Amino acid sequence: MRQIAIYGKGGIGKSLTCANISAALALKGRRVMQVGCDPKHDSTRLLLGHTCRQTVLELMRKVGAAEIRREDVVHEGFGGVLCVEAGGPEPGVGCAGRGIIATFQVLERLGMYDEGLDYCLYDVLGDVVCGGFAMPIREGYAQEIYIITSGEPMAIYAANNICKGIKRFEKTSSARLAGIILNLRGVEHERELVSTFASAIGTRVVGTIPRDTIVQRAERVKKTVVEFAPESP
């Protein structure tokens, strides 16, 4: 099983990209699980057609971790993709990163990593200052890490911080940076900027997402582009 973490700053297009990758892999006959590791719990919205109604952390507060069943937190989305949302604490209380740690423990107890998955994708908020958000890196849950960025200064700043987090754990973790995904935002010389950044951190741009209204049209009806417009390049 390939375990892949997609990182990037909030609002950069992680969930959109992750969901479309999951959908595309599923249509190729692969068995895929996508785990949303953001307190907003909207990573799997385009796969399910709605925001996930039951997160791991929410259910833990209600019944406790030991009482959680597979059908409570694992939901089937487009193409048979298994969708899980970690969720987060109530506003102003607790650490959002704890939801990620708790979710991984629950998934292990439920035997989800032994279900013959081909891919497990983690959609992770880019704040690796918090130990919880660094879990996929630190504990080796993900072997491949992709960072999504645009040419905007704060997006590149966040991407650079994520790289620092990866490097911090390189001696104790098998996780490695596999490349940069560029989500174009119309910044002047954007491709050159991000290509230069990628080169500076010792990696490369592995994919570029163009600005296209088809993305917004698909999102409005809560679908991936893969489902909404399968012939679209």
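Here, the structure is the one placed above.
Residues numbered from 1 in each chain as written. Predicted model: local features only at pLDDT ≥ 70, side-chain atom pairs only at ≥ 80, totals over all residues. Heavy atoms only, no water.

Chemist: Any chance you could explain the pairing of strand E1 (residues 2-7) here in plain terms?
Modeler: Working note: regular strand, side chains alternate between the two faces of the sheet. Of all six residues making up E1, five are buried, and the element is well covered by its neighbours. Pairing of E1 with strand E6 (residues 144-149), which is carried by four bridges, proceeds in the parallel orientation. Its bridge partner lying in E6, Ile6 is registered against Tyr146. (Buried < 20%, exposed > 50% of the residue type's maximum accessible area, 1.4 Å probe, protein only. Helix = DSSP H or I, 4+ residues; strand = E, 2+ residues; numbered from the N terminus. Pairing = 2+ DSSP bridges.)

Chemist: What is the right way to read helix H3 (residues 56-63) from this model?
Modeler: Think of an α-helix as turning once every 3.6 residues; residues three or four places apart then point the same way. Residues of H3 that are buried: Val56, Leu57 and Leu59. The buried residues of H3 all sit within an arc of 160° when viewed along its axis, so they share a single face. Looking one or two residues beyond H3, the residue adopting positive phi is Gly64, at roughly 90°. (Arc of directions from axis to C-beta.)

Chemist: Sorry if this is basic, but what is going on with the environment of Gly10 here?
Modeler: Along the polypeptide, Gly10 turns up in the loop between E1 and helix H1 (14-27). According to the relative accessible area criterion, Gly10 is partly exposed, its value standing at 38%. For the pair Gly10 and His50, spaced 40 residues apart in sequence, the C-alpha to C-alpha distance is 20 Å.

Chemist: Could you clarify how one ought to interpret the nonpolar core in this entry?
Modeler: Most often, soluble globular proteins keep nonpolar side chains buried together rather than apart. Core analysis: the biggest nonpolar cluster contains 46 residues, and Met33, Val35, Phe104, Tyr122 and Ile147 have the highest contact counts within it. With sequence-adjacent residues up to four places away left out, Met33 is seen in contact with Leu82, Val84, Leu107, Met112, Tyr113, Leu117, Tyr119, Cys120 and Leu121. Judged by nonpolar contacts, the second largest core, of 30 residues, contains Ile4, Ala23, Leu121 and Ala155. (Core = buried A, V, L, I, M, F, W, Y, C linked by side-chain atoms within 4.5 Å. Contact = heavy atoms within 4.5 Å.)

Chemist: Which parts of the structure should I look at to understand the environment of Phe78?
Modeler: Summarising the element assignment, Phe78 is placed in the loop between strand E3 (75-76) and strand E4 (82-85). For Phe78 and Ser22, which are 56 residues apart along the polypeptide, the C-alpha to C-alpha distance reads 9.0 Å. Other than its neighbours up to four places away in sequence, Phe78 contacts Ala23, Ala26, Leu27, Leu47, Val226 and Glu227.

Chemist: Even after reading the chapter, I still don't get the packing of aromatic side chains, so can you show me in this structure?
Modeler: For any pair of aromatic rings, the description consists of the separation of the ring centres together with the inter-plane angle of the planes. Taken as a whole and judged by the stated rule, the model has three aromatic pairs. Ring centres of Phe104 and Tyr122 lie 5.1 Å apart, and the angle between their planes is 65°; this geometry places the pair in the edge-to-face category. Of the two residues, Phe104 is situated in helix H5 (residues 97-109) and Tyr122 in strand E5 (residues 119-124); the sequence distance between them amounts to 18 residues. Residue Phe104 is classed as buried on the basis of its relative accessible area, which comes to 0%. Measuring from centroid to centroid gives 6.1 Å for Tyr113 and Tyr141, while their planes differ by 40°, and the two rings are tilted. Taken together, the positions of Tyr113 in the loop between H5 and E5 and Tyr141 in the loop between helix H6 (135-138) and E6 put the pair 28 residues apart, joining distant regions of the chain. Note on Tyr113: relative accessible area 17%, which makes it buried. Residue class for Tyr141 comes out buried when judged on its relative accessible area of 13%. An aromatic cluster of at least three residues, connected via ring pairs, comprises Phe104, Tyr113, Tyr122 and Tyr141. (Phe/Tyr/Trp six-rings, centres within 6.5 Å; stacked < 30°, edge-to-face > 60°.)

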